[in-house]
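# Structural characterization, general
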Amino acid sequence: YGIFNASYASLKLSNNDLNDETLLASGYGKTIGLARLFFKVEDYYSSYFEIEKVQPKLFKRNIYEGGYTKNLEVSFNSEKKEATVNNIKKGTTDIISTKNNVQDLISSLYYLRKNFSADEIKEGDFFTINMFYDSKNRELALKYLGKETIRTKYGKIECLKLMPATNRSRIFKGEGSITIWLTNDENKIPIRVQADLLVGSIKADLNEYSGIVSPLLIKQK
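Here is a short report on the structure shown in this document.

Definitions and cut-offs
Residues numbered from 1 in each chain as written. Predicted model: local features only at pLDDT ≥ 70, side-chain atom pairs only at ≥ 80, totals over all residues. Heavy atoms only, no water. Salt bridge = Lys/Arg side-chain N within 4 Å of Asp/Glu carboxyl O. Helix = DSSP H or I, 4+ residues; strand = E, 2+ residues; numbered from the N terminus. Buried < 20%, exposed > 50% of the residue type's maximum accessible area, 1.4 Å probe, protein only. Phe/Tyr/Trp six-rings, centres within 6.5 Å; stacked < 30°, edge-to-face > 60°. Lys NZ or Arg CZ within 6 Å of the ring centre and 35° of its normal. Pairing = 2+ DSSP bridges. Axes fitted to C-alpha atoms, helices over the stretch in contact; angles between N-to-C directions. 1 Å grid on protein atoms, 1.4 Å probe; cavity = no way out; pocket = protein on both sides within 12 Å on 5 of 7 lines; lining within 4 Å. Points joined across faces, edges and corners; volume = space filled by probe spheres on them. Nonpolar A, V, L, I, M, F, W, Y, C, P; charged D, E, K, R; others polar.

Under the defined criterion, the tally for this structure stands at seven salt bridges. The salt bridge partner of Lys 161 is Glu 148, with a shortest N-O separation of 3.0 Å. Separated by 13 residues along the polypeptide, Lys 161 in strand E10 (residues 155-164) and Glu 148 in strand E9 (residues 136-152) bring together distant segments of the chain. Owing to a relative accessible area of 28%, Glu 148 belongs among the partly exposed residues under this scheme.

For the coordinates displayed, the defined rule picks out eight aromatic pairs. In this arrangement the basic side chain of Lys 40 is found over the ring face of Tyr 64, its NZ or CZ atom lying 5.7 Å from the centre. Sitting over the face of the ring of Tyr 68, Lys 89 holds its NZ or CZ atom 6.0 Å from the ring centroid.

What follows deals with the sheet that holds strand E5 (residues 68-77). In spatial order, the strands read E1-E2-E3-E4-E5-E6-E7; together these seven strands make up an open sheet with antiparallel pairing. The sheet terminates laterally at strand E1 (7-14) and strand E7 (92-97), the two strands that pair on one side only. In this sheet, neighbouring strand axes are inclined to one another by 15 degrees on average, regardless of whether the strands run parallel or antiparallel. With ten bridges joining them, strand E3 (residues 41-50) and strand E4 (residues 55-65) adopt antiparallel strand pairing. For Ser 46, the partnering residue across the bridge sits in E4 and is Lys 60.

We now examine the layout of surface pockets. Summary: where empty space remains is shown by rolling a probe the size of a single water molecule over the atoms. Estimates place the volume of the second largest pocket at around 200 Å³. Around the second largest pocket, the lining is made up of 13 residues, and of these Tyr 68, Lys 70, Leu 72, Asn 87 and Lys 90 lie nearest the centre. Within the residue set of the lining of the second largest pocket, elements represented by two or more residues are E5, strand E6 (82-87) and E7. Considering every element that reaches the lining of the second largest pocket, the biggest residue donor is E5, with five residues.

Glancing now at empty space enclosed by the protein. In the structure shown here, the tally under the stated rule is one cavity of 30 Å³ or more. Counted as a void, the largest cavity has a volume near 40 Å³. Every residue lining the largest cavity is listed: Phe 59, Leu 72, Val 74, Phe 132, Tyr 133, Asp 134 and Ser 135. When contributions to the lining of the largest cavity are tallied by element, the ones reaching two or more residues are E5 and strand E8 (126-133). Tallied by class, the residues present in the lining of the largest cavity amount to five nonpolar, one polar and one charged.

Set out below in structure tokens:
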């Protein structure tokens, strides 16, 4: 946040005990240092999704953000186009209709990486994902801004630049507030995310990686 390291986030992909046709993406985020003293964040996410189509089966969200908590488990039934939302904190269960090819918050990233192709989209056009989040169907539209070479800790890397459509809120300034850079290679790793807030800005850079499909295409150290 600004010049300070305020948080840490990780995302790990692994096999799981659900079945052999799914993968587990485990996400974890927390504030660190002085930021943790002022605003403690401890977020856990789990997404079980079918490998071939990147189709979510089970999504778990357990978060603590400055005293605000939420603990949800969402089971997806793609055939019935339904999501069963188990609100563990409130002790309630709801069944909500979903859209075609629905994704959860975490599986959306893997869906994007698998299906987005710069050869099939023009600069300025949108790549849309049907996302189910916070018990609601939301359309996530990402504007393709073209290719850009950025300087990273690994060297200069050519990236695909995307901008999610955002509205002004109590956190974000509005349209164009968030920008995502994915490596323009087989991996499509999110190597940088930048957000302009109402007060200040946040930049998240990739700090460590392992188990990727192919080496990063580094133009210059």
